[in-house]
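Results of the structural survey
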Amino acid sequence: MLPSDGSFNFDFSERPLTHRVVLVAGGTGGLGSATAALLARDGATVVAGYLGDRERAQALKRALEARYSTAIHLIEGDIADPQVRLRYVETADTIGDGLYGLVCFAGDPARVKFEDVTDSDLHDSMQKNYIAPLLLAREAATRMQNRSVEGSIVLLSTMQAVAVFESSINYAAPKTALIQAARIMAKQYGGPGGIRVNVVAPGVNRAGMALKSIESGKYGFYIEQGIIPRFGRPEDVARVVRLLLEPDNYITGQVITVDGGLTLRRDRG
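These numbers come from a predicted model, not from an experiment.

**Regarding helix α5 (residues 169-189)**
The end-to-end C-alpha separation of α5 is 30 Å, in line with the 30 Å expected for 21 residues at 1.5 Å each. Buried within α5 are the following residues: Asn 170, Tyr 171, Ala 172, Pro 174, Lys 175, Leu 178, Ile 179, Ala 181, Ala 182, Met 185, Ala 186 and Tyr 189. Of the surrounding secondary structure, the elements contacted by the buried residues of α5 are α4 (119-146), β5 (151-156), β6 (195-202) and β7 (255-258). In the stretch just after α5, Gly 191 is the one whose phi turns positive, near 105°.

**Describing unusual backbone geometry**
One non-glycine residue, Arg 15, adopts positive backbone phi at about 45°. For Arg 15, the position within the fold is in the segment before β1 (21-25). With a relative accessible area of 46%, Arg 15 lands in the partly exposed category. The backbone of Ser 69 sits at a positive phi, close to 50°, despite the residue not being glycine. Secondary-structure assignment places Ser 69 in the loop between α2 (54-68) and β3 (72-76).

**Some words on the pattern of salt bridges**
Within the structure shown, the criterion is met by 13 salt bridges. Note that Arg 242 is salt-bridged to Asp 42, the shortest N-O span being 2.5 Å. Here Asp 42 lies in the loop between α1 (30-41) and β2 (45-50) and Arg 242 lies in helix α8 (residues 234-245), a separation of 200 residues in the sequence. A single burial state applies to Arg 242 and to Asp 42, both of which are buried. The closest approach of N and O atoms between Arg 239 and Asp 236, which form a salt bridge, is 2.9 Å. In this pair, Arg 239 and Asp 236 both sit in helix α8, 3 residues apart, roughly one turn of the helix. Looking at Arg 239, the relative accessible area reads 42%, which means it is partly exposed. The class for Asp 236 is buried, based on a relative accessible area of 12%. Members of the salt-bridge network, linked through shared partners, are Arg 41, Asp 42, Arg 242 and Glu 246.

**A short note on the nonpolar core**
Within the largest apolar cluster, 35 residues are counted, with the highest numbers of intra-cluster contacts made by Leu 23, Tyr 88, Leu 136, Ile 153 and Leu 155. Listed by contribution, the elements that provide at least two residues to this core are β1, α3 (82-93), β4 (99-104), α4, β5, α5 and β6. Beyond its immediate sequence surroundings of up to four residues, Ile 153 is in contact with Leu 102, Ala 137, Ala 141, Met 144, Ile 195, Arg 196, Val 197 and Asn 198. Ranked by size, the runner-up nonpolar core spans 27 residues in total, among them Leu 31, Ala 48, Leu 156 and Val 241.

**A look at the packing of α4 against α5**
Their axes nearest at 8 Å, the elements α4 and α5 cross at an angle of 15°. In terms of their interaxial angle, α4 and α5 are classed as roughly parallel. Handedness of the α4/α5 crossing: right-handed. Taking contact as the criterion, the partners of Asp 121, Leu 122, Ser 125, Met 126, Asn 129, Tyr 130, Pro 133, Leu 134, Ala 137, Arg 138, Ala 141 and Gln 145 in α4 are, on α5, Asn 170, Tyr 171, Pro 174, Lys 175, Ala 177, Leu 178, Ala 181, Met 185 and Tyr 189. Tallied by class, residues from the contact of α4 with α5 come to 14 nonpolar, 4 polar and 3 charged.

Parameters at a glance
Position numbers for residues start from 1 in each chain and track the written sequence from start to end. Selection of residues for local features in this predicted model requires a pLDDT of at least 70, selection of side-chain atom pairs for listing and counting requires 80 or more, and totals for whole chains, interfaces and linings are taken over all residues. To obtain the side-chain values, all non-hydrogen atoms of the structure were used and water was disregarded. Numbered from the N terminus, helices here are DSSP runs of H or I no shorter than four residues, and strands are runs of E no shorter than two. How far a helix is expected to stretch is found by multiplying one less than its residue total by 1.5 Å. Burial classification: accessible surface area is computed with a 1.4 Å probe over protein chains only, and a residue below 20% of its type maximum counts as buried, one above 50% as exposed, and the rest as partly exposed. Contacts were defined at the residue level, with two residues in contact if any of their heavy atoms lie within 4.5 Å. A side-chain nitrogen of Lys or Arg and a carboxyl oxygen of Asp or Glu constitute a salt bridge if their distance falls within 4 Å. By convention a nonpolar core is built from buried Ala, Val, Leu, Ile, Met, Phe, Trp, Tyr and Cys residues, the set being connected through side-chain atoms within 4.5 Å. Note on method: axes are straight lines fitted to C-alpha atoms, helices fitted across the in-contact stretch only, with angles between N-to-C directions ranging 0 to 180 degrees. Orientation is classified from the angle alone, with under 35 degrees giving roughly parallel, over 145 giving roughly antiparallel, 65 to 115 giving roughly perpendicular, and any other angle giving oblique. In this scheme, a crossing is called left-handed if the near helix is turned counterclockwise away from the far one by less than a right angle; it is called right-handed if the turn is clockwise. We call Asp, Glu, Lys and Arg charged. Ala, Val, Leu, Ile, Met, Phe, Trp, Tyr, Cys and Pro are nonpolar, and the rest, Gly among them, are polar.

Here it is as structure tokens:
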């Protein structure tokens, strides 16, 4: 439908994340650092949480501050600890106008074959891949609601939670639960001026442990058989996260699979 005045003057905001405070848990890893860089480039105030590699975190801070002339705030700790989750959110909420967005990359691939999985393995995976991200999201949403502001939460799942892959139960099951939890939160916290909650599910990506698998040739079949045109890059995920964080975005309660079509064509050949 054409604009009523025929002007074609569409409303596309310029740098809509400028000065918005976004907490990126796992913000110094492969996917997290790319997202932190894109958000910083677009003017957001980034609070990057990291587990323990302080040298890498400081290097990221120096690089992004030099490149984009913006302050990057760092916070250390494991979000499996309730006190750390509280500290992450409290720190972000004291900066600028307070916490606007949360992105949670924290988790663990939990690569244990199902036939070898123990009770302890399952509990550990559930804690890292479901419970900790979920409760961090709740903490962030509560803080946003207390200030009666709109906000956006983006949780990270995996293509293994979207489609069935053998030997993925220990990792895929908690990540599948996280998707359903995000949908419930989107309904519970949504509405005018509320909080949007979405999930990004990456495929085989050149980051983290997947990069080692790519380099070993484990996933070469997907390229050789034309199942995907290339392996994913951290930038692919970062762009989708940025879209979901934009204040005027019209998406909530959804899962976006960033896998080049792998889950659609993985059984080809």
